[in-house]
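Architecture and fold: a report
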Amino acid sequence: MAMCLTRNAKGDMMNGKRILLVIGGGIAAMKAPQLIRLLRAEGAAVTPVLTQAGAQFTTAMTVSVLAGEAAQAGLWDIASEAEIGHIQLSRNADLVVVAPATADLLAKMAHGLADDLASTLLLATDKRVLVAPAMNVRMWHHPATQRNLRTLRDDGILFVGPEDGDMACGEFGTGRMSEPEAIVAAIREELAPPAPLKLLPESQVRSGALAGRHVIVTSGPTHEPIDPVRYIANRSSGAQGTAIAAALRDMGARVSFVTGPAEVAPPEGVTVIRVQTARQMRDAVEAALPADAAVMAAAVADWRIKNSWAKKMKKDGSGKPPSLEMTENPDILAWVSQAGARRPRLVVGFAAETNDVVAHATDKRLRKGCDWIVANDVSEGTGIMGGSENAVTVITEDGPEEWPRMAKNAVARKLAQKIAGVIG
Ligand code: C5P
């Protein structure tokens, strides 16, 4: 195919970045050519992928010419599979964008279905995925779609739109795809490199240095219900998270304190948001954004019961115990660390380890994408879990920094000072 479009870079915001653009089937697919045009004008390379339905609303020829590369469409295309392969396609991108994201595509993503090229690469990708939903208002509000949206948010999928307005079908409401300019703005924010953290030495941090700053602190355990009266929990007392919230407050910060059912009472003078489960904690953190920093000290349960019982479980006389099926909880720290434009400037995670503390925590910092990890050894005999003292190693991009053993309140004050050195 002859490609005659030359790169017409207006700016260099997206220079060298590659967007894999999945175009779903809906009337909003008509806006895909304009989206490609705008992205290319900012210097991005665009690989278009058309679903079968998408190709009914815009043509492979149009999007290929505008992208300057052939649109990918089939999963069973031997030539393209040999040359590049659908897994590679998703790995080469800096960001995967789905616009329009139809109810059907979102449902497939939520359930991990992979029966065409678009859904297969969405399942295979290890990159961030930004979706621009577009559908009829009733489809948007349908409980099935809303359930899928919750799942996708838990999975860390990013959203732009939809907007309210007139629909092609003559109805009015939520479901219009965001305009290409708004989608480009969201992409720009996702691709923007994080500003490097500048750290003031502790001696130069003023008291009240955090005045006007907003910090989210998570704390305590989560309770994951088995049935209305039983739950899965852990031994976190919430002591360290509470002390950190109080220390940040003392330095003038506005603190949103998202706490599971902890033993320790929350501090005065902070906004307390009480939650039970990991999913509620994630939603509360999301609702508290934007923030200048997030300190995730909660001991969030990694798993919950897949289908918790609506009524109290009872023995049925068979002698057979019920079997509990578990499913993974959202990783709030990883999610907030990768929240694109909404990411706080500083994200601090915790790591309670029982062996090879520094190695595991260093790995965790990279895996979760946070700025610092406060790591401690909670193995038996240290007396740290549930105790009043803590011995931590703070891992930053400069490597590990071992702090002497001290009271949890003192760790909190030292950490608040260090945080103020960045966002104060
Ligand atoms: O992976 P691990 O649970 O050891 O990571 C600990 C850190 O991750 C803590 O900062 C904790 O608050 C956070 N976390 C989270 N959501 C989860 C699990 C852990 O925010 N589901």
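The structure presented is a predicted model; accordingly, all values stated were derived computationally and were not measured. (Residues numbered from 1 in each chain as written. Predicted model: local features only at pLDDT ≥ 70, side-chain atom pairs only at ≥ 80, totals over all residues.)

Right, let's talk about the site of the ligand for a bit. Neighbouring the ligand are 13 residues, the closest being Met296, Val300, Ile332, Leu333 and Gly349. Of all the secondary-structure elements, those providing two or more residues to the shell around the ligand are helix H12 (332–337) and strand S16 (346–353). Element by element, the count of residues in the shell around the ligand is highest for S16, at three residues. Its residues placed into classes, the shell around the ligand shows eight nonpolar, three polar and two charged. (Near = placed C-beta within 6 Å. Helix = DSSP H or I, 4+ residues; strand = E, 2+ residues; numbered from the N terminus. Nonpolar A, V, L, I, M, F, W, Y, C, P; charged D, E, K, R; others polar.)

By the bridge criterion, four bridges tie strand S19 (residues 392–396) to strand S20 (residues 399–402) in an arrangement that is antiparallel. Paired with Thr396 across the bridge in S20 is Gly399. Following S19, the chain reverses through two residues before pairing antiparallel with S20. (Pairing = 2+ DSSP bridges.)

Reading across from one edge, S12-S11-S8-S13-S16-S17-S19-S20 is the order of the eight strands in this open sheet, with mixed pairing throughout. Each edge of the open sheet is held by one strand with a lone partner, namely strand S12 (271–274) and S20. Strand-to-strand, the axes of this sheet are offset by a mean angle of 20 degrees, without reference to chain direction. Bridge analysis of strand S8 (residues 214–219) against strand S13 (residues 293–296) gives four bridges, and the strand direction is parallel. By the bridge assignment for S13, Val217 is matched with Val295. Contacts between helix H10 (residues 239–250) and the sheet are confined to S8, strand S11 (254–259) and S13, with S8 contributing the most and set at about 165 degrees to the helix. Where helix H11 (residues 278–288) meets the sheet, its contacts fall on S8, S11 and S12, and the angle it forms with S11 comes to roughly 165 degrees. (Axes fitted to C-alpha atoms, helices over the stretch in contact; angles between N-to-C directions. Contact = placed C-beta atoms within 7 Å.)

The next point concerns the domain arrangement of the chain. Assigned domains within the chain: domain 1 (18–191) and domain 2 (202–315 + 323–423). With centres defined by C-alpha atoms, the gap from domain 1 to domain 2 works out at 34 Å. (Domains from an automatic or database assignment.)

This part is about the packing of helix H1 (residues 32–41) against helix H2 (residues 60–67). Two elements in contact, H1 and H2, have axes whose closest approach is 9 Å; the angle formed by their N-to-C orientations is 10 degrees. Viewed along their axes, H1 and H2 adopt a mutual orientation that is roughly parallel. Of H2, the residues touching H1 (which contributes Ala32, Pro33, Ile36 and Arg37) are Thr62, Val63, Leu66 and Ala67. Partitioned by chemical class, the residues of the contact of H1 with H2 number six nonpolar, one polar and one charged. (Parallel < 35°, antiparallel > 145°, perpendicular 65-115°, else oblique.)

The next thing to look at is the nonpolar core. Among the nonpolar cores identified, the biggest contains 59 residues, and Val217, Ile244 and Leu248 are the most heavily contacted of them. Ignoring anything within four residues of it in the chain, the contact list for Ile244 reads Val217, Val295, Ala297, Ala412, Leu415 and Ala416. Within the second largest apolar cluster, 55 residues are counted, among which are Ile23, Leu38, Ala44 and Val160. (Core = buried A, V, L, I, M, F, W, Y, C linked by C-beta atoms within 7 Å. Buried ≥ 20, exposed ≤ 12 C-beta atoms within 10 Å, placed from the backbone.)

Further remarks concern unusual backbone geometry. Ala99 connects to Pro100 through a cis peptide bond whose omega is -5 degrees. Mapped onto the elements, Pro100 comes out in strand S3 (residues 95–101). Following Leu289, the chain continues to Pro290 via a peptide bond in cis, the omega torsion being 5 degrees. Tracing the backbone through its elements, the reader meets Pro290 in the loop between H11 and S13.

Here we come to helix H13 (residues 357–368). With 12 residues, H13 ought to run about 16 Å at 1.5 Å a step, and its terminal C-alpha atoms sit 16 Å apart, in line with that. Of all the residues in H13, the buried ones are Val357, Ala361, Arg365 and Lys368. Viewed along the axis of H13, the buried residues span an arc of 90 degrees, placing them on a single side of the element. Away from the buried face of H13 by more than 90 degrees, exposed residues Ala359 and Leu366 are located. Residues of H13 that are buried make contact with H12, S16, strand S17 (372–377) and S19. One or two positions beyond H13, positive phi appears at Gly369, with a value near 85 degrees. (Expected span 1.5 Å × (residues − 1). Arc of directions from axis to C-beta.)

So, on to the sheet that holds S3. In space, the five strands of this open sheet follow the order S2-S1-S3-S4-S5, with parallel pairing throughout. The sheet is open, and its two borders are formed by strand S2 (45–50) and strand S5 (158–159), each paired with just one other strand. Looking at chain direction, strand S1 (residues 18–23) and S2 are connected through six bridges and run parallel. Paired with Ile19 across the two strands is Val46, which belongs to S2.

Moving on, we get to H2. Along H2, the residues that are buried comprise Val63, Leu66 and Ala67. Across the axial projection of H2, the buried residues extend over an arc of 95 degrees, all falling on one side. Looking at the buried side of H2, the elements it contacts are S1, H1 and S2.

Okay, the environment of Met313 next. By secondary structure assignment, the location of Met313 is in the loop between strand S14 (303–305) and strand S15 (326–328). For the pair Met313 and Ala361, spaced 48 residues apart in sequence, the C-alpha separation works out to 39 Å. Residues within four places of Met313 in sequence aside, it is in contact with Asp227 and Pro322.

A separate point is the environment of Asn307. Within the element layout of this structure, Asn307 appears in the loop between S14 and S15. For the pair Asn307 and Asp227, spaced 80 residues apart in sequence, the C-alpha to C-alpha distance is 9.2 Å.

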